[in-house]
Amino acid sequence: MASPEFPENPYLLLTPGPLSSSQTVKSAMLQDWCTWDRDYNSMVQEIRAELVSLATSNLDCTAVLMQGSGTFCVESVIGTALGKEDKFLVLANGAYGSRMAEIARYLDIALTVIDFGETGAIDPRQIEAALQDDRAITTVAVVHCETTTGRLNDIVAIGKLVKSFDKTYIVDAMSSFGGMAMSMEEMQADYLVSSANKCIQGVPGFGFVIARREAIESTAGQARSLSLDMYEQWRTMERDQGKWRFTSATHVVHAFSQALKELREEGGIAARAARYSENQRLLVDGMRKLGFECLLPDDCQSPIITAFISPQHPGYRFEEFYLALKDRGFVIYPGNVTEVDTFRIGNIGEVYADDIHRLLKVVAELQ
Ligand SMILES: *Cc1c(COP(=O)(O)O)cnc(C)c1O
């Protein structure tokens, strides 16, 4: 294959998706694919099978891909998995948990939200009380890595509790799947949602759901949207062997297939998780040496993205800090909590220890 010339990226994305992808993932998009051709559809089938194998080794699970950003995919799960008589309990401690509640409000789904606060931990006693008090609740959802702060929620313990009440369990593992080991059996999830442009290191354009076959099979006719009907999308992919119902992001899907190959070559999720953890450890150690403080305590901090408390000196402006870093080759994220002024640095994607060392040098120079 001819090796195309790429312009050098002007900066490294230290954001939780879209993130810096490899040249080989980007170059996988330089081909046109026919959406109903067998070559393309069999690639989709391979992707679906591989996603399942990354999430479980012995459960009967299946995968469905859905056009759009991650939120479209979350909306397709919520809008399809909950029937007319069902009631939704959302456990929220950040913007992405709150977004699931917002989706349910748009869709007119009966809803209870337990809000633990932007920086609060999820308290299992409150979940238990809610499930005991309100027998109408049928379905519980939580975010794994709450990208708002970088907090990891204990999806295994929450799953155990949810299943002790025999409820359906939805996990938004958008920003962590592929970058941290997790298994459908351990967390007892019925649906796990993630997207192409996070830890699998593809480019944006579609999301995916890994579901227990039994769960998704029971959702026929429930969807509140035509294009976001997760069941029909799944059924079409099953019946027509990798066919999507509507035009799919063919180039993005091909890039994703390449990204999965690169995940295998790296050594799978275990190796990628080790790289991300090392990135995050170097980042936090280095930033602390420069006088920065993390928003969260270490024991609930994800190896994906870290929120730092903004410098307190009166001259500090995020916008200036951001632009100075961008000039020097790094793009970071603004903070997203109201209680404290923060900024966030992601360490997922094509990001290595050397990049973190370079970043820390630049931050030191800017002080
Ligand atoms: C990125 C992300 C989403 C989806 O966001 P989009 O902007 O729609 O891709 C959902 N949940 C979490 C936790 C995320 O990090």
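Above this text is the structure in question.
Presented here is a report on the structure given in the accompanying data block. (Residues numbered from 1 in each chain as written. Predicted model: local features only at pLDDT ≥ 70, side-chain atom pairs only at ≥ 80, totals over all residues. Heavy atoms only, no water.)

We now examine the side chain of S21. Locating S21 in the fold gives a position in the loop between β1 (12–13) and α1 (23–27). Ignoring anything within four residues of it in the chain, the contact list for S21 reads K26, Q201, G202, V203 and E350. (Helix = DSSP H or I, 4+ residues; strand = E, 2+ residues; numbered from the N terminus. Contact = heavy atoms within 4.5 Å.)

The next subject is the nonpolar core. Counting residues in each nonpolar core, the largest one holds 92 residues, and the members touching the most others are L51, L91, F177, Y191 and I210. Here this core gets 8 residues from one element, more than from any other, and that element is helix α2 (residues 38–55). Non-local contacts of L91, meaning those with residues more than four positions away in its chain, are made with G97, I114, F116, I122, I127, V140, A141, V142 and I158. Among the nonpolar cores identified, the runner-up in size contains 22 residues, and M287, F343, V351 and V363 belong to it. (Core = buried A, V, L, I, M, F, W, Y, C linked by side-chain atoms within 4.5 Å. Buried < 20%, exposed > 50% of the residue type's maximum accessible area, 1.4 Å probe, protein only.)

This part takes up the sheet that holds strand β11 (residues 305–309). Spatial ordering of the open sheet is given by β11-β14-β13, a layout of 3 strands whose pairing is antiparallel. The open sheet has two edge strands, β11 and β13 (333–334), and neither has a second partner. As defined by bridge partners, β13 adjoins strand β14 (residues 342–346) across 2 bridges and the pair is classed as antiparallel. Its bridge partner lying in β14, P334 is registered against F343. Helix-sheet contacts for helix α11 (residues 268–289) involve β11 and β14, and the interaxial angle to β11 is about 10 degrees. (Pairing = 2+ DSSP bridges. Axes fitted to C-alpha atoms, helices over the stretch in contact; angles between N-to-C directions.)

Turning our eyes to something else, we now look at the site of the ligand. Around the ligand, the neighbouring residues are S69, G70, T71, Y96, R99, V143, C145, T147, D172, M174, S175 and K198. Contacts to the ligand include S69, whose side-chain N or O atom sits 2.5 Å from an oxygen atom. Here an oxygen atom of the ligand sits 2.5 Å away from a polar atom, N or O, in the side chain of T71. Coverage of the ligand by the protein amounts to 85% of the 380 Å² it exposes when considered alone. Looking at the shell around the ligand, the elements that each hand over two or more residues are α3 (70–81) and α4 (95–106). A breakdown of the residues in the shell around the ligand according to their chemical character gives 4 nonpolar, 5 polar and 3 charged. (Near = heavy atom within 4 Å. Polar contact = N/O pair within 3.5 Å; in protein donor to acceptor, adjacent residues only side chain to side chain. Areas by Shrake-Rupley, 256 points an atom, 1.4 Å probe, with all protein chains shown as cover. Nonpolar A, V, L, I, M, F, W, Y, C, P; charged D, E, K, R; others polar.)

What follows is about the pattern of salt bridges. Scanning all chains against the criterion turns up 16 salt bridges. The partner of E50 in a salt bridge is R264, with the nearest N and O atoms 2.6 Å apart. Here the residue E50 occupies a position in helix α2, and R264 occupies one in helix α10 (residues 250–266), the gap between them amounting to 214 residues. Relative accessible area serves as the criterion here: at 16%, E50 is assigned to the buried category. R264 gets classed as partly exposed once you look at its relative accessible area, which sits at 46%. Between E232 and R235 there is a salt bridge, with its nearest N and O atoms 3.4 Å apart. On the criterion of helical spacing, the pair formed by E232 and R235 is a turn pair, its members being 3 residues apart in helix α9 (residues 230–239). Given a relative accessible area of 32%, R235 falls into the partly exposed group. The structure contains a network of salt bridges with shared partners spanning R48, D60, R213 and E238. (Salt bridge = Lys/Arg side-chain N within 4 Å of Asp/Glu carboxyl O.)

Let us now look at the packing of α2 against α10. For the pair α2 and α10, the least separation of the axes is 10 Å and the interaxial angle reads 45 degrees. Here α2 lies oblique to α10, going by the angle between them. The handedness of the crossing between α2 and α10 is left-handed. Together, Y40, M43, V44, I47, E50, L51 and L54 of α2 and T250, V253, H254, F256, S257, L260, L263 and R264 of α10 make up the contact between the two elements. Residues belonging to the contact of α2 with α10 are distributed by class as follows: 10 nonpolar, 3 polar and 2 charged. (Parallel < 35°, antiparallel > 145°, perpendicular 65-115°, else oblique. Left-handed = near helix turned anticlockwise from the far one by under 90°.)

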